[in-house]
Amino acid sequence: MNFIKGLLGIGLLASAIYMGFANFPLWSVSLLSLFFTAAYIQSKWYLWNRLFQQQNRKLYQSLLVTYLIQTVLVFVFYLLGSGVA
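So, here is what we can say about the structure in this document.

## Describing the overall build of the protein chain
Then, in step 1: Scanning the protein chain from N- to C-terminus turns up four helices and zero strands.
Then, in step 2: Taken from the N to the C terminus, the helices and strands of the protein chain come in the order α-α-α-α.
Then, in step 3: Going through the 85 residues of the protein chain one by one, you find that 25% of them count as buried.
Then, in step 4: The long-range share in the protein chain, meaning contacts at least 24 apart out of those at least 6 apart in sequence, stands at 64%.
Then, in step 5: Total accessible area computed for the protein chain in this model is approximately 6,100 Å², and 71% of it derives from carbon and sulfur atoms.

Right, dumping it as structure tokens:
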């Protein structure tokens, strides 16, 4: 199972780099960031489980901060691919 998670993680990174290499529009970074956020939450589910059960304001703040961080991460890989091209 960890092997599959690793392959999917590498696939996400490769897709972010390819998006920059193929000169995809910048709004696609925000869409790919959703997948990065979902993968991050799934990998840290033991931490996020309690937040999802409580469903209070802290959940939405955590989701927003995590999404913004993942967007920056995807944008860095996008720029890496764009620079290689």
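## Some details on a nonpolar patch on the surface
Then, in step 1: Judged by side-chain polarity, Ile17, Tyr18, Phe21, Phe24, Leu80 and Val84 come together as a nonpolar surface patch covering roughly 580 Å² of accessible area.
Then, in step 2: Of all the secondary structure elements, the ones that give two or more residues to the nonpolar patch are helix 1 (2-21) and helix 4 (57-84).
Then, in step 3: Sort the elements by how many residues they give to the nonpolar patch and helix 1 lands first, with three residues.
Then, in step 4: Examined against the element boundaries, Val84 turns out to sit in helix 4.
Then, in step 5: What makes Val84 exposed here is its relative accessible area of 60%.

## Concerning unusual backbone geometry
Then, in step 1: Of note, the phi angle at Asn23 is positive, near 60°, even though the residue is not glycine.
Then, in step 2: As for its position among the elements, Asn23 is in the loop between helix 1 and helix 2 (27-43).
Then, in step 3: Positive phi outside glycine occurs at Gln55, with the angle close to 50°.
Then, in step 4: By the element assignment, Gln55 lies in the loop between helix 3 (45-54) and helix 4.

Thresholds applied
- Residues numbered from 1 in each chain as written.
- Predicted model: local features only at pLDDT ≥ 70, side-chain atom pairs only at ≥ 80, totals over all residues.
- Heavy atoms only, no water.
- Helix = DSSP H or I, 4+ residues; strand = E, 2+ residues; numbered from the N terminus.
- Buried < 20%, exposed > 50% of the residue type's maximum accessible area, 1.4 Å probe, protein only.
- Contact = heavy atoms within 4.5 Å.
- Areas by Shrake-Rupley, 256 points an atom, 1.4 Å probe, with all protein chains shown as cover.
- Patch = residues over 30% accessible without salt bridge, like charges linked within 9 Å, V, L, I, M, F, W, Y side chains within 5 Å.
- Salt bridge = Lys/Arg side-chain N within 4 Å of Asp/Glu carboxyl O.

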